[in-house]
Every structure is written in C-alpha cells, then in structure tokens.
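Inside the fold
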Amino acid sequence: KEGVYLEIQTTLYDKNDHLIFIRDVTRLHLLEQMRKDFVANASHELKTPLTVIKGYLETLDMFKDSLPKSMQKGIVNMSEQSERMEQLIEDLLLLSRLESNDKREENQWHTVSGIVQAITSSTMPILTDEHSLTLDIPDNARLYGSYKELYSAFSNLIVNAIKYSPDGGDITIKWEANQANGVFSVKDTGIGIDPRHIPRLTERFFRVDKGRGSKTGGTGLGLAIVKHVLLHHDAKLQIHSQPGTGSVFSCHFPTSRTRTDDIPAQITSV
Ligand code: ADP
C-alpha cells in the first residue's frame, strides 16, 4: 500500500529455516519527516528577522563613534552573535537539504586541489603565524561529486583542524589513491580527542567541550554535515586521534568516484 513503510529483518532459525520479522514503521517515518520539515521551516523563517537585525546593526555600527564605550562594546558583541546565528541557520538549512536529497547539484568531475585551494584561500584569515599548512595533493587527482557539498565537507575538516590547534602546529591536507580508495585526509597536531567521544562526533550539536563553541564560533553541526556529504558520495569517514597529540580525519572514496588524468598516450599501430 502506498505510504506504508515496512522494516523487514531475517534471521536464521535453524539449519534451513529463516524467521522473518516485518515491522510497520510508518508512524516512525512520519514523525521523522515532521522533524525534518520542522527544522527546515524554522531555519528558513529565522532568516528574515535575522537579516533585519543585521541591517540595523550595520547602521548602528556606522554611528558607533558617537556612542558611549559600553554601547560600542554591545554593538560588537551583537554583531558577533548575529554572525554566529547566521552560520547556525546556514548549517541547519544545508543539513536539511542534504537529508531530504532536495535540489542536489549535478555530479561532475572536480580536481581535488581546486576544491582545496578555494577553501584554503578563504580560511587564510583564521590561520596564525604559529600554524603551518602543507598541501600534498597531486594536480591530476579528480573526484566525482557535487562541488558545493565536497567544498563544505572538506572545509569543515580543514577549519576544525585550525580551530582545534589553538597553539598552532602543522596541518597536512593530503590526497592518496590506492587500489580500493581515494583518500582525502586532514591531519593536525592540535588538542586531539578522547577515544570515548569519537563514536559521537558526527551527531548534531555534539561537542567534546560544551563551553568551547562560543569561543571557537563552532555550531556543532560541521561533522554531521561531513557525514551526510560522504554518504551522498559513497564514502566513509575515519577518525584517528589522541588527546594532546592531534587528529587525522580521512574520507575514503570508492575508486568509481576517483580518477587521475594520467591517461597514457594512445599507441596506434600502422
Ligand atoms: P564544532 O562546530 O563544534 O567544531 P563539529 O561538528 O565540526 O562542531 O565537531 C564536533 C566536535 O568534535 C567539536 O566540538 C570538537 O569537540 C571535536 N572536533 C572536531 N574536529 C576536531 C579536531 N580536528 N581536533 C579536536 N577535536 C575536534
């Protein structure tokens, strides 16, 4: 029947017999859909009032020199918080789109170095003199997928590597291809993560240090976005980390989505 969702599970009962469990999950499915719609609509509705608030803040900012010091501080604070809120709304909307599979960009071949260079030029402002950035990506490595989605996944990993290396350190962005996978990885020598937190990192709003968000400007949605983008690209995320030593986040893409452009010259026999 249309609109009915069933979950089917089979287990081996004895040698030749199987048990089949059929569960009607229509109600669960509807609730999940309602949750997704609610998040998408609420985020969308929050955009308009925020645009108005930001507009007035920009006007206030122009006249800030004529205001008392305490108000000037207030304006800076409100501007920072509204930027944060805007980022949160953008991330929620992006997650909703990724979950609903709506309006997806057509998949195409992109150079990995092209995506990474676009990201690193926009993340330059948050790099400090104590950070060193190494790119180890062959020019001919290509990846098949959505540019916008891959950009946001890789960008979240790169920005995290910088954010969670507050004392600086080496950040290495690498592409390696083997027979089974093309692997994009971001390695840092930052604060690292306790192994018991690793399984929960891709949950929405999960943060190891709950108080850190307001300091680092994170939304807690970055790795949830990474997880969904990778799901769309048949890829898997692996996380290796040690507290105090650093982390490696690697995305493993199947070979069907990767290629190098070293196509050997055609040999034509005369
Ligand atoms: P946030 O916006 O808080 O950075 P993310 O979803 O991107 O949210 O990451 C979730 C949590 O995972 C972070 O709050 C942080 O505790 C941890 N984390 C992510 N990347 C790193 C990293 N490179 N080093 C240490 N911790 C990290």
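By the naming in an unreviewed UniProt entry, the protein goes by Phosphate regulon sensor protein PhoR and is assigned to Marinomonas vulgaris. What UniProt records for the protein under Subcellular location (unreviewed entry) is the sentence "Cell membrane".

Time to look at the packing of aromatic side chains. Tallied over the full model, the rule gives 5 aromatic pairs. Ring centres of W109 and Y144 lie 5.2 Å apart, and the angle between their planes is 50°; this geometry places the pair in the tilted category. With W109 in strand β3 (residues 108–111) and Y144 in strand β5 (residues 141–145), the pair connects residues that are 35 residues apart, well separated along the chain. Ring centres of F154 and F184 lie 3.7 Å apart, and the angle between their planes is 15°; this geometry places the pair in the stacked category. Here the residue F154 occupies a position in helix α4 (residues 147–163), and F184 occupies one in strand β7 (residues 181–188), the gap between them amounting to 30 residues. Members of the aromatic cluster, each reached through a chain of ring pairs, are F154, W175, F184 and F253.

Let us look at the environment of Y151. Tracing the sequence through the fold places Y151 in helix α4. Taking the C-alpha atoms as reference points, Y151 and V226, 75 residues apart in sequence, are found 10.0 Å from one another. Leave out the neighbours within four places in its chain, and Y151 touches I115, A118, I119 and S122.

Now for the site of the ligand. Around the ligand, the surrounding shell holds 19 residues, and the nearest of these are N160, Y164, T219, G220 and L223. Contact between the ligand and V208: an oxygen atom at 3.1 Å from a main-chain N or O atom of the residue. Coverage of the ligand by the protein chains reaches 97% of its 530 Å² of free accessible surface. Put simply, the ligand lies in the largest pocket.

Spatially, the 5 strands line up as an open sheet ordered β4-β6-β7-β9-β8, and their pairing is mixed. A single partner strand is all that each edge strand has here, and the edge strands are β4 (131–136) and β8 (236–242). Within this sheet the neighbouring strands show an average axis-to-axis angle of 10°, counted without direction. In the sheet, β7 pairs with strand β9 (residues 246–254) via 8 bridges, with the strands oriented antiparallel. The residue of β9 that forms the bridge with S185 is S250.

Okay, the environment of K54 next. Looking at where K54 falls in the secondary structure, it is placed in helix α1 (residues 26–62). In sequence terms K54 and M78 are 24 residues apart; their C-alpha atoms lie 8.9 Å from each other. Not counting residues up to four positions away in its chain, the partners in contact with K54 are S82, E83 and E86.

Moving on, we get to the sheet that holds strand β10 (residues 258–260). In space, the 3 strands of this open sheet follow the order β3-β5-β10, with antiparallel pairing throughout. Only two strands of the sheet have a single neighbouring strand rather than two, namely β3 and β10. Averaged over neighbouring strand pairs, the angle between their axes works out to 30° when direction is ignored. As defined by bridge partners, β5 adjoins β10 across 3 bridges and the pair is classed as antiparallel. Across the sheet, residue A141 finds its bridge partner in β10, namely T260. Across the sheet, helix α3 (residues 112–123) is in contact with β3 and β5; its angle to β3 comes to roughly 65°.

The rules behind these values
- Residues numbered from 1 in each chain as written.
- Predicted model: local features only at pLDDT ≥ 70, side-chain atom pairs only at ≥ 80, totals over all residues.
- Heavy atoms only, no water.
- UniProt positions renumbered as here; feature names shortened; annotations may be inferred.
- Phe/Tyr/Trp six-rings, centres within 6.5 Å; stacked < 30°, edge-to-face > 60°.
- Helix = DSSP H or I, 4+ residues; strand = E, 2+ residues; numbered from the N terminus.
- Contact = heavy atoms within 4.5 Å.
- Near = heavy atom within 4 Å.
- Polar contact = N/O pair within 3.5 Å; in protein donor to acceptor, adjacent residues only side chain to side chain.
- Areas by Shrake-Rupley, 256 points an atom, 1.4 Å probe, with all protein chains shown as cover.
- 1 Å grid on protein atoms, 1.4 Å probe; cavity = no way out; pocket = protein on both sides within 12 Å on 5 of 7 lines; lining within 4 Å.
- Sits in = over half its atoms within 2 Å of the grid points.
- Pairing = 2+ DSSP bridges.
- Axes fitted to C-alpha atoms, helices over the stretch in contact; angles between N-to-C directions.

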